[in-house]
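# Breakdown of the fold
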Amino acid sequence: MEQERTEIQDLGEFGLIDYLTRNIEIQNASTVLGVGDDAAVIDHFGKQTVISTDMLVEGIHFDLMYTPLKHLGYKAVVVNLSDIYAMNATPTQITVSIAFSNRFSLEALNEFYEGVYAACEKYGVDLIGGDTSNSQKGFIISVTAIGEVTPDQFVKRSTAEKGDLLCVTGDLGAAYLGLTLLEREKKIYLESPEVKPDLEDQTYIIGRQLKPEARKDIIEFLQQEDIKPTSMMDVSDGLSSEILHIAKQSNLGVVLYEDKIPIAQESKEIAMKFGLDPTACALSGGEDYELLFTMKQADYDKIVLNEQISVIGYMTDITEGAHILTKGGNKYKLVAQGWNAFQQ
Ligand SMILES: [Mg+2]
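These figures come from a predicted structure and were not determined experimentally. What you see as residue numbers is a count from 1 along each chain, following the sequence as written. Restriction of local features to residues with pLDDT of at least 70 applies here, the model being predicted, together with a cutoff of 80 or more for giving and counting side-chain atom pairs; totals for whole chains, interfaces and linings are based on all residues. To obtain the side-chain values, all non-hydrogen atoms of the structure were included, while hydrogens and water were left out.

### Examining the overall build of the protein
Which entries qualify depends on this criterion: In this text, helices come from DSSP runs of H or I with a minimum length of four residues, and strands from runs of E with a minimum of two, each type numbered from the N-terminal end. What the globule rule says is 2.2 Å times the number of residues to the power 0.38, and the radius of gyration is computed from C-alpha atoms. Buried residues are those whose accessible area, probed at 1.4 Å on protein chains only, stays under 20% of the maximum for their type, while exposed residues exceed 50% and partly exposed ones sit between those limits. In this analysis, two residues are considered to be in contact whenever any of their non-hydrogen atoms come within 4.5 Å of each other. In short, Shrake-Rupley with a 1.4 Å probe defines the accessible areas, and a residue's cover is counted only from the protein chains shown.
Within the protein one finds ten helices and 15 strands. The globule rule puts the C-alpha radius of gyration for 344 residues at 20 Å, and the 22 Å found for the protein is close to it. The dimensions of the protein, computed from C-alpha atoms along their principal axes, are 65 × 60 × 35 Å. Expressed as a percentage of the 344 residues in the protein, the buried residues total 49%. For the protein, restricting intrachain contacts to residue pairs at least 6 apart in sequence, the fraction spanning at least 24 positions comes to 85%. Counting only carbon and sulfur atoms, one obtains 49% of the accessible surface of the protein, whose full area is about 17,200 Å².

### Observations concerning the coordination of the magnesium ion
The line we're drawing: Distances define the donors: N, O and S atoms within 2.8 Å of the metal qualify, as do those within 3.2 Å of Na, K or Ca. Water is excluded, so some sites may look unfinished.
The protein atoms that coordinate the magnesium ion are D83 (OD) and D234 (OD), at distances of 2.1 Å. Of this pair, D83 sits in helix α2 (residues 69–85) while D234 sits in strand β9 (residues 231–235), and the two are 151 residues apart along the sequence. Judged by its relative accessible area of 22%, D83 is partly exposed. Look at D234 and you get buried, because its relative accessible area is 3%.

### Considering the packing of α2 against helix α3 (residues 106–123)
This is how it is decided: Under this scheme, a helix contributes an axis fitted over its contacting stretch, all axes are lines through C-alpha atoms, and angles between N-to-C directions fall in the 0 to 180 degree range. Two helices that cross are described as forming a left-handed crossing if the nearer one is turned anticlockwise from the farther one by less than a right angle, and a right-handed crossing if clockwise. Each residue gets one label: Ala, Val, Leu, Ile, Met, Phe, Trp, Tyr, Cys and Pro are nonpolar, Asp, Glu, Lys and Arg are charged, and the others, such as Gly, are polar.
Between α2 and α3, the least distance of the axes is 6 Å, while the angle of their chain directions is 35°. Viewed along their axes, α2 and α3 form a crossing whose handedness is right-handed. For the pair formed by α2 and α3, the contact residues are L69, K70, L72, G73, Y74, V77, V78, L81 and Y85 on the first element and A108, E111, F112, E114, G115, V116, A118, A119, K122 and Y123 on the second. Looking at side-chain class alone, the contact of α2 with α3 contains 13 nonpolar, two polar and four charged residues.

### Let's talk about the domain arrangement of the protein
Note the following rule: Start and end positions for the domains come from either an automated domain assignment or a database one. Summed over both partners, buried area is the accessible surface (1.4 Å probe) that two parts give up on being assembled. Polar contact is defined as a pair of N or O atoms within 3.5 Å, subject to the rule that within protein one atom must be able to donate a hydrogen and the other to accept it, and that residues adjacent in sequence are counted only when both atoms are side-chain atoms.
Assigned domains of the protein: these are domain 1 (8–149) and domain 2 (165–333). In this complex, domain 1 contributes 20 residues to the contact, which on the side of domain 2 involves 22 residues. Summed over both partners, the interface of domain 1 with domain 2 buries about 2,000 Å², with 60% contributed by carbon and sulfur atoms. Three residues, Y66, K75 and Y85, lead the burial of domain 1 against domain 2; their summed loss comes to 32% of the area buried on that side. Put simply, domain 1 and domain 2 have eight residue pairs in polar contact (both at pLDDT 80 or more) between them.

### A look at unusual backbone geometry
We note that N88 has phi near 70°; this positive angle belongs to a residue other than glycine. For N88, the location among the structural elements is in the loop between α2 and β4 (90–100). Its identity as a non-glycine residue notwithstanding, D226 has a phi of 60°, on the positive side. Take D226: it is sitting in the loop between α6 (216–224) and β9. Judged by relative accessible area, D226 falls into the exposed class, the value being 64%.

### What to know about the packing of aromatic side chains
Cut-off, in case you're wondering: Each Phe, Tyr or Trp ring, with Trp reduced to its six-membered ring, pairs with another whose centre is within 6.5 Å; inter-plane angles below 30 degrees give stacked pairs, above 60 give edge-to-face pairs, and intermediate values give tilted ones. Geometrically, a charge over a ring is one whose NZ (Lys) or CZ (Arg) sits within 6 Å of the ring centre while staying within 35 degrees of the ring normal.
One pass over the full model with this rule turns up seven aromatic pairs. For the ring pair Y257 and Y314, a centre distance of 6.4 Å and an interplane angle of 35° mean the geometry is tilted. In this pair, Y257 is assigned in strand β10 (residues 253–257) and Y314 in strand β12 (residues 309–316), connecting sequence segments 57 residues apart. Using a relative accessible area of 32% as the deciding quantity, one classes Y314 as partly exposed. Taken together, the ring pairs connect F62, F104, F112, Y113, Y117 and F139 into an aromatic cluster. One residue, R22, lies across the ring of Y19, its end atom 4.0 Å from the ring centre. Its end group placed over the ring of Y74, K211 keeps NZ or CZ at 4.2 Å from the ring centre.

### Points about the pattern of salt bridges
Counted only if it meets this: A pair is scored as a salt bridge if a Lys or Arg side-chain nitrogen falls within 4 Å of a carboxyl oxygen belonging to Asp or Glu.
In the structure shown here, the tally under the stated rule is 16 salt bridges. The shortest N-O distance in the salt bridge between E213 and K211 comes to 3.2 Å. When its relative accessible area of 38% is taken as the criterion, K211 is described as partly exposed. As a salt-bridge pair, E220 and K216 come within 3.7 Å of each other at their nearest N and O atoms. Of this pair, E220 and K216 both sit in helix α6, four residues apart, which is roughly one turn of the helix. Residue classification places E220 among the partly exposed residues on the basis of a relative accessible area of 39%. Taking the relative accessible area as the measure of exposure, K216 reaches 26% and is therefore partly exposed. Residues joined by salt bridges that share partners form a network here, namely R208, R215, D217 and E290.

Put into structure tokens, the structure is as follows:
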């Protein structure tokens, strides 16, 4: 079936903006004025404002050969919301700016915005502005997320303390394995287009790569249990580099237990198939968008029954350095890309 194609130049920029924002319904009282004026107006009613921004460039951050535009729109929003949650804050508004070449039709942009709005609805945020522009080649997306937090309840990376437990949510490594699988299938397709990819059994890892979720549920759980993490960040790069950020910025050492790192069974199986070490995928892969945080040992009883939170280590004095204790009983220095077996 031939897909409909409407040229964007037929609408003009303002027509395009009107079209893409026609169904917006404001969800937050803090959104005083949304799309349609020179600027939006936000009133956070005495709360502090948290802001984070990210840029995604075609060919660098995503590949449209295997990324559906709807998923891309969803992911572009979610990865920004994840940064707001990682501050222990609640996202309330986003702006989305895009630049696109004439390769993109109105129908294509519409698909992208379907993903954007799906994420807005799921996480309860309002799209309040943005910009559209032409690009000579490729698709460029910039999202800014705005959130609110009760004054001084935000959580930084630099405030972990010696003896604190190191925790991570969900499971790790799946998004990287999903990417590895998609890249492999792409290569096979480019070499022999008649081979149909068989991705049926791999929906978990592919979903983790193409449609990640931010851990809103964990932030709500921590608030319910009256736990304020002593430090926190989201896992957008690999686990090891994120742990080193917290240790370094808090001026501490850290011990990480390999056997405590949460890895899904599906991830272990596909890693084995690819000849990859599942632990290495968790340590050095990226894009899991889980939360990594430290908390007081006294709070342990409050999280022990939550299967979405794993205690994976603890913070030590800076003189003790950053190490991983492996399943085999070895102790290695933790480095940004996994661990270095030659530097004990
Ligand atoms: Mg982050």
